[in-house]
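The lines below spell out each chain.
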Amino acid sequence: MSNMTDLQFDIIKEQMLNLTGRDCFYKKKLEGIDVAGIENEEDFRTLPFTQKSDLRDAYPLGLMAVPEEEIVRIHSSSGTTGTPVIIPYTKKDIEDWAIQFARCYAMAGVTNLDRIHITPGYGLWTAGIGFQNGAERLGAMTIPMGPGNTDKQLRMMQDMKSTVLCATSSYALLLAEEIEKRGIGNRIFLKKGIIGSERWGEKMRKRIANELGVQLFDVYGLTEVYGPGIAISCEHEAGMHYWDDYVYIEIIDPKTGKNLPDGELGEIVITTLKKEGAPLIRYRTHDLSRIIPGECKCGSKYPRIDTIMGRTDDMVKVKGVNIFPSQIDSLLKDVEGASSEFQIMIDHMNGKDIMTIFVETTEGANKYEVENELAAAFKSKIGMTPIVKPVDLGDLPRSEKKSTRVFDNRY
Ligand code: ZN
């Protein structure tokens with residue numbers, strides 16, 4: 001259960017002494033705690049978590065941990081729920097982020113002879129620029145598209161002979177479907193897809209990989225901790241290697257806050273090791289994953305977390321059963337005629353919770369069988385029976401941003 005190295009401990013301890021010794025966010029946050037008395041990983045685990053709401057409360061620049069002259073840029077995480085979070089970066093933070101992302105590309109086998117087609121958005125949001133800086137650090141040619149305008153995307157992809165596509169999974173799917181529809185597959189030169197950390201299922205992965213003819217890699221990250229690029233899957237597709245010289249990762253039970261043993265599914269909690277502009281201690285990401293024990297076949301010394309299984313906020317409780325959308329992904333894998341796309345609707349009627357799953361079916365599939373098979377699989381694997389509504393391929397909405405799959409209408 002212990003995975004903090006001596007070096008990580010020394011760095012974290014020094015960082016905490018430093019931060020509590022000057023006027024900044026963590027001086028207040030750790031007030032009353034004897035930081036000098038923290039002697040090991042166990043003591044560290046008694047420290048309070050840093051929550052997204054703490055970061056929001058620090059709006060606009062309360063997280064800034066160095067003098068302003070050292071800050072060269074800010075990024076902001078999506079403010080869908082009220083006040084956004086502002087993260088200040090020093091020059092070194094920007095460099096460190098690029099180093100990490102360049103490592104991601106290298107792990108995916110991308111070289112300076114690749115042409116990297118970047119579709120995530122540029123701006124306050126960390127996505128596009130993260131892919132960009134990492135690619136430039138690697139020395140590859142970039143095609144900084146940003147999102148949208150499918151015609152132009154496909155035109156540039158053909159003319160520039162892009163070899164690497166960077167995208168969210170839903171946008172990669174949209175492009176794959178367009179390429180198929182237009183019959184231009186033989187004019188596409190993509191070899192690899194680097195896909196943002198959105199949770200996605202095995203079926204969707206296979207469709208994108210097949211239709212684009214590429215090998216896919218999951219890249220992970222969040223604005224609060226640099227941005228995308230702190231972890232990536234390798235050719236063995238056995239979870240994601242993370243850069244443990246930049247981040248220390250714990251997995252906790254999202255309900256109790258207790259640390260979980262390696263291998264168990266829980267919430268990722270991150271402590272930054274080198275960040276200057278806005279260091280974080282025990283930051284709760286609300287992303288669900290687990291530490292994968294043991295060594296990877298690729299031989300990399302970097303430890304691994306599993307593919308993101310969803311968000312702690314996506315976890316819904318229906319008829320007393322905890323359900324994660326990722327569980328539905330894995331059920332769909334074994335249902336013949338079911339596609340990768342689904343939506344869940346939860347309602348409360350006549351004193352009872354009712355869960356409806358809309359699922360896209362492949363062409364020519366027997367919808368009646370899909371309905372029965374999925375309902376039975378759900379009952380046996382998850383322990384409750386939903387209403388299953390099979391729909392045609394393409395009936396559910398696609399988006400350039402992260403798709404919403406769970407609609408809880410009970411509250
Ligand atoms: Zn590996």
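Residues numbered from 1 in each chain as written. Predicted model: local features only at pLDDT ≥ 70, side-chain atom pairs only at ≥ 80, totals over all residues. Heavy atoms only, no water.

From N to C terminus, the chain includes 11 helices and 21 strands. Relative to its length of 411 residues, the chain is compact, with a C-alpha radius of gyration of 22 Å against a globular reference of 22 Å. Over its C-alpha atoms, taken along the principal directions, the chain stretches across nearly 65 × 60 × 40 Å. Here the chain holds 411 residues, and 54% of them are scored as buried. Considering only residue pairs separated by 6 or more positions, the chain has 65% of its internal contacts joining residues 24 or more positions apart. Accessible surface, the chain as shown: approximately 18,300 Å² in total, 50% of it carbon and sulfur. Distance between charge centroids for the chain: 3 Å, based on 51 positive and 60 negative side chains. (Helix = DSSP H or I, 4+ residues; strand = E, 2+ residues; numbered from the N terminus. Rg over C-alpha atoms; globule rule 2.2 N^0.38 Å. Buried < 20%, exposed > 50% of the residue type's maximum accessible area, 1.4 Å probe, protein only. Contact = heavy atoms within 4.5 Å. Areas by Shrake-Rupley, 256 points an atom, 1.4 Å probe, with all protein chains shown as cover. Lys, Arg positive; Asp, Glu negative; His and termini not counted. Charge placed at Lys NZ, Arg CZ, Asp CG, Glu CD.)

Once that is clear, we can look at the pattern of salt bridges. Side chains that differ in sign of charge can pair as their charged atoms come close. A full pass over the atoms with the stated rule returns 24 salt bridges. With its nearest N and O atoms 3.9 Å apart, the salt bridge here joins Arg45 to Glu250. Note that Arg45 is positioned in the loop between helix H3 (41-44) and helix H4 (52-57) and Glu250 in strand E10 (residues 247-252), a separation of 205 residues in sequence. What makes Glu250 buried here is its relative accessible area of 2%. Note that Lys91 is salt-bridged to Glu95, the shortest N-O span being 3.7 Å. (Salt bridge = Lys/Arg side-chain N within 4 Å of Asp/Glu carboxyl O.)

Looking now at unusual backbone geometry. Most of the time, phi is negative for any residue but glycine, and the peptide bond is trans. Residues Tyr59 and Pro60 are joined by a peptide bond in cis, for which omega reads 0°. When you line up the elements, Pro60 lands in the loop between H4 and strand E1 (71-77). One non-glycine residue, Asn149, lies in the positive phi region at around 55°. Relative to the helices and strands, Asn149 resides in the loop between strand E4 (141-144) and helix H7 (150-159). In this model, His286 sits at a positive phi of 65°, which is unusual for a non-glycine residue.

Taken together, the protein ligands of the zinc ion are Cys234 (SG), His241 (NE2), Cys296 (SG) and Cys298 (SG), with distances of 2.1 to 2.3 Å. Here the zinc ion binds 4 donor atoms, and the angle range of 98 to 115° at the metal identifies the geometry as tetrahedral. (Donors = N, O, S within 2.8 Å, 3.2 Å for Na, K, Ca; no water. Tetrahedral: all angles 85-135°; square planar, octahedral: opposite > 155°, others 65-115°.)

What follows deals with a negative patch on the surface. A surface patch of like charges, here negative, comprises Asp334, Glu336, Glu369 and Glu373. With respect to the helices and strands, the residue Glu373 is situated in helix H11 (residues 367-381). (Patch = residues over 30% accessible without salt bridge, like charges linked within 9 Å, V, L, I, M, F, W, Y side chains within 5 Å.)

Moving on, we come to the sheet that holds strand E14 (residues 304-305). Read from one edge of the open sheet, 9 strands run E4-E3-E5-E6-E7-E8-E9-E14-E13, paired in mixed fashion. At either margin of the open sheet sits one strand with a lone partner, and together these are E4 and strand E13 (291-292). Pairing geometry for strand E8 (residues 225-233) and strand E9 (residues 240-242), over 3 bridges, is antiparallel. Across the sheet, the residue bridging to Ile232 is His241, located in E9. Against the sheet, helix H8 (residues 169-182) contacts strand E5 (164-167) and strand E6 (192-195), and its axis sits at roughly 130° relative to E5. (Pairing = 2+ DSSP bridges. Axes fitted to C-alpha atoms, helices over the stretch in contact; angles between N-to-C directions.)

So, about empty space enclosed by the protein. A water-sized probe, rolled over the atoms, reveals where empty space remains. The final tally for this structure, using the stated rule, is 3 cavities of 30 Å³ or more. Empty space within the largest cavity amounts to approximately 50 Å³. Looking at the lining of the largest cavity element by element, the count peaks at 4 residues for E10. Residue composition of the lining of the largest cavity, by class: 6 nonpolar, 2 polar and 3 charged. (1 Å grid on protein atoms, 1.4 Å probe; cavity = no way out; pocket = protein on both sides within 12 Å on 5 of 7 lines; lining within 4 Å. Points joined across faces, edges and corners; volume = space filled by probe spheres on them. Nonpolar A, V, L, I, M, F, W, Y, C, P; charged D, E, K, R; others polar.)

What follows deals with the environment of Pro279. Along the chain, Pro279 turns up in the loop between strand E11 (266-272) and strand E12 (283-289). Residue classification places Pro279 among the buried residues on the basis of a relative accessible area of 6%. Residues Pro279 and Phe25, 254 residues apart in the sequence, show an inter-C-alpha distance of 9.5 Å. Once residues within four sequence positions are removed from consideration, Pro279 is found in contact with Gln15, Leu19, Tyr26, Ala65 and Thr272.

Attention now moves to H11. With 15 residues, H11 extends 21 Å between its outermost C-alpha atoms, agreeing within 8% with the 21 Å of an ideal straight helix rising 1.5 Å per residue. Listed in full, the buried residues belonging to H11 are Val370, Leu374, Ala375, Ala377 and Phe378. Down the axis of H11, the smallest arc covering the buried residues is 165°, so these residues share one side. Projecting away from the buried face of H11 at angles above 90 degrees are the exposed residues Tyr368 and Ser380. Buried residues in H11 make contact with strand E17 (321-323), helix H10 (325-333), strand E18 (338-349), strand E19 (352-361) and strand E20 (387-392). A side-chain oxygen of the first residue of H11 lies 3.0 Å from the backbone nitrogen of Tyr368; this N-cap is Asn366. (Expected span 1.5 Å × (residues − 1). Arc of directions from axis to C-beta. Polar contact = N/O pair within 3.5 Å; in protein donor to acceptor, adjacent residues only side chain to side chain.)

Across the sheet, which stays open at both edges, the 4 strands sit in the order E20-E19-E18-E21 with mixed pairing between neighbours. Looking at the sheet topology across the chains shown, the edges are occupied by E20 and strand E21 (406-408). Strand-to-strand twist of the sheet, defined as the mean angle between neighbouring strand axes without regard to direction, takes the value 15°. Packed onto the sheet, H10 meets E18, E19 and E21 and runs at close to 135° relative to E18.

Sheet faces and side chains relate simply in a regular strand, where the side chains alternate between the two faces. The alternating pattern of E6 places Lys192 and Ile194 and Gly193 and Ile195 on opposite faces, both of which are buried. Here E5 pairs with E6 via 4 bridges, running parallel. Considered in E6, the bridge of Val164 is made with Lys192. Read from E5 through H8 to E6, the crossover connection turns out right-handed. With 4 bridges connecting them, E6 and strand E7 (residues 215-222) associate as parallel partners. Bridge pairing links Lys192 to Gln215 in E7. (Right-handed = clockwise from strand over helix to strand, strands pointing away.)

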